[in-house]
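Fold and contact review
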Amino acid sequence: MSHGHLPLGQGAGRAAVLTGLGSFVPPRVVTNEELSRTLDTTDEWIRTRTGITRRHWADPGTATGDLAVAAGERALKSAGSADVDLVVLATTTPDHPCPATAPDVASRLGLGNVAAYDIAAVCSGFVYALASAAGAIATGTAERVLVIGAETYSTILDPDDRTTSVIFGDGAGAVVLRAGDPTEQGALLGYDLGSDGSLKDLIIVPGGGSRQRTTQADEPGARPADTYFTMQGKQVFRHAVTRMAASSRAMLDRSGWAPETVDWFVGHQANVRILHAVADQLGMARDRTVVNLDRVGNTSAASIPLALADAVSGGLITPGDRVLMSAFGGGVTWGSTALVWPDIAVQ
Ligand code: UT7
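As the structure is a prediction and not an experimental result, all values here were calculated from the model. (Residues numbered from 1 in each chain as written. Predicted model: local features only at pLDDT ≥ 70, side-chain atom pairs only at ≥ 80, totals over all residues. Heavy atoms only, no water.)

**Description of the overall build of the protein**
The helix and strand inventory of the protein stands at ten helices and 14 strands. Here the C-alpha radius of gyration of the protein, 19 Å, is about what a compact globule of 347 residues would show, namely 20 Å. In terms of overall dimensions, the protein has a C-alpha envelope of 60 × 45 × 40 Å along the principal axes. A total of 347 residues make up the protein; the buried ones form 54% of that total. (Helix = DSSP H or I, 4+ residues; strand = E, 2+ residues; numbered from the N terminus. Rg over C-alpha atoms; globule rule 2.2 N^0.38 Å. Buried < 20%, exposed > 50% of the residue type's maximum accessible area, 1.4 Å probe, protein only.)

Here it is as structure tokens:
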């Protein structure tokens, strides 16, 4: 098994310290009952197989960038300052194939001419974005970074596909990272990242890129590109458990934490059965697992910051708690990081 190891965080001179957190979900709630009116599914199947009871979907006209701006505003408010010099946005559903969404978000937030780019690592995107932002801080490229995970999966779901439409939701979560000392409360303690591109077909939007272009009407044999999201759920489930457990273990080794000393496991919110299986494999109590997928579904790159915001505002995660984060997603990709929770006000 190969894991990418970035020599950041613990031991390095400058660490990225979490100093602000905010989240936003679009107002429209879509219940399991609502979906069962148009799809061959039931509330009972969705609840027992995934743990999801409802999710939020953006109204037509609302884009990922709109959710990112709302969450970003809240994170900057939580940090007490809109002074950042880099915006990193993790998303699978950018506003356009070109350009990236981050520059527009930075501009709409009034952040001036800061560096801004998107990260595409599907459900692992937020952890990849944290590692990327921390790298910019470690090298002195940035002092303060706004890291956002934002998605509007409702725009890429096939409304006739019951295996994906019941799972995904829209939303955004954001954090502010600042340069600090690795020993400070809130310092990210390192990263375990990895990928296996031989499994790319497990989670894929086949069309709309350079491999399968959007239809050009005059091409012989032209057919509409398949721009819907597809997933081989059962296989993804299996790989998600194995990879998140192994990556979490690598991160625990790196931070020197025994599994039973972790206060909260904040895993990618795909399926409550995945979260419990990972906790079991790590030897952690299941009730140490943060779960908010019941209310928001799988929000991909937004999932971990939304879960963090929910757990902190709900009083579960408190300052001084040991928090382990781990994600798995399309690519396939996976990643983990950890921190001791800082004393910050969540928006
Ligand atoms: O975000 C990136 C990471 N994503 C994930 O981690 C998702 C991982 N996968 C999963 O969470 C699960 O595999 C699913 C929730 C997607 C599916 O659950 P499952 O327990 O693996 O079900 P399955 O795919 O094995 O399907 C079992 C049955 C099938 O029927 P048959 O073949 O037994 O007759 C499906 O056709 O359930 C059927 N089914 C449904 N029935 C009612 C599939 N989707 C639905 C549905 N409603 N929505």
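From this point on, the discussion continues.
**Examining the sheet that holds strand 2 (residues 15-24)**
The strands making up a sheet are joined through hydrogen bonds of the backbone, oriented either antiparallel or parallel. Here we have five strands laid out as an open sheet, ordered 2-8-7-5-6, and mixed in their pairing. The two strands at the open ends of the sheet, each matched to only one other strand, are strand 2 and strand 6 (115-119). Adjacent strand axes in the sheet meet at a mean angle of 20°, parallel and antiparallel pairs treated alike. Pairing of strand 2 with strand 8 (residues 170-180) involves nine bridges; the strand directions are antiparallel. Paired with valine 17 across the strands is arginine 178, a residue of strand 8. (Pairing = 2+ DSSP bridges. Axes fitted to C-alpha atoms, helices over the stretch in contact; angles between N-to-C directions.)

**A short note on the packing of helix 7 (residues 233-255) against helix 8 (residues 272-282)**
At a closest axis distance of 9 Å, the pairing of helix 7 and helix 8 adopts a crossing angle of 40°. Taken as axis vectors, helix 7 and helix 8 run oblique relative to one another. The way helix 7 lies across helix 8 gives a crossing that is right-handed. Note on element contacts: helix 8 touches helix 7 through Arg273, Ile274, Leu275, Ala277, Val278, Gln281 and Leu282, opposite Phe237, Ala240, Val241, Met244, Ala245, Ser248 and Arg249. (Parallel < 35°, antiparallel > 145°, perpendicular 65-115°, else oblique. Left-handed = near helix turned anticlockwise from the far one by under 90°. Contact = heavy atoms within 4.5 Å.)

**Observations regarding the site of the ligand**
Neighbouring residues of the ligand: 23 residues in total, closest Thr41, Arg49, Cys123, Lys234 and Asn298. At a separation of 3.1 Å, an oxygen atom of the ligand approaches a polar side-chain atom of histidine 268. Elements with a minimum of two residues in the shell around the ligand: helix 2 (43-50), helix 6 (162-165), helix 7 and helix 8. In terms of residue class, the shell around the ligand is built from eleven nonpolar, seven polar and five charged. (Near = heavy atom within 4 Å. Polar contact = N/O pair within 3.5 Å; in protein donor to acceptor, adjacent residues only side chain to side chain. Nonpolar A, V, L, I, M, F, W, Y, C, P; charged D, E, K, R; others polar.)

**Quick word on the pattern of salt bridges**
Summed over all chains, the structure comprises twelve salt bridges. One salt bridge in this structure joins arginine 47 and aspartate 43, with 3.0 Å as the shortest N-O distance. Linking arginine 47 with aspartate 43, this pair stays in helix 2, spanning four residues, or about one helical turn. For aspartate 310, the salt bridge identified is with arginine 295, shortest N-O distance 3.1 Å. (Salt bridge = Lys/Arg side-chain N within 4 Å of Asp/Glu carboxyl O.)

**A closer look at the packing of aromatic side chains**
Taken as a whole and assessed by the stated rule, the structure comprises three aromatic pairs. Ring plane angle 65° and centroid distance 5.2 Å describe the contact between tyrosine 153 and phenylalanine 229, whose orientation is recorded as edge-to-face. Taken together, the residues span a long stretch of sequence, with tyrosine 153 in the loop between strand 7 (144-152) and helix 6 and phenylalanine 229 in the loop between strand 10 (203-204) and strand 11 (230-231) at a distance of 76 residues. Judged by its relative accessible area of 0%, tyrosine 153 falls in the buried class. Pairing phenylalanine 168 with phenylalanine 229 gives two aromatic rings, centres 4.9 Å apart and planes at 65°, and the pair type is edge-to-face. Pair noted here: phenylalanine 168 is in the loop between helix 6 and strand 8 and phenylalanine 229 is in the loop between strand 10 and strand 11, with a separation of 61 residues, a long-range link. Of the two residues examined, phenylalanine 168 and phenylalanine 229, each falls in the buried class. Three or more aromatic residues link up through ring pairs in this structure, and these residues are Tyr153, Phe168 and Phe229. (Phe/Tyr/Trp six-rings, centres within 6.5 Å; stacked < 30°, edge-to-face > 60°.)

**Regarding unusual backbone geometry**
Of note, the bond from cysteine 98 into proline 99 is cis; its omega dihedral lies within 30 degrees of zero at 0°. Note on placement: proline 99 falls in the loop between strand 5 (86-90) and helix 4 (102-108). The linkage connecting glycine 331 with the following residue, valine 332, adopts the cis geometry, with an omega of -10°. Inspection of the secondary structure assignment puts valine 332 in the loop between strand 13 (322-329) and strand 14 (333-340). Non-glycine residue valine 122 carries a positive phi angle of around 50°.

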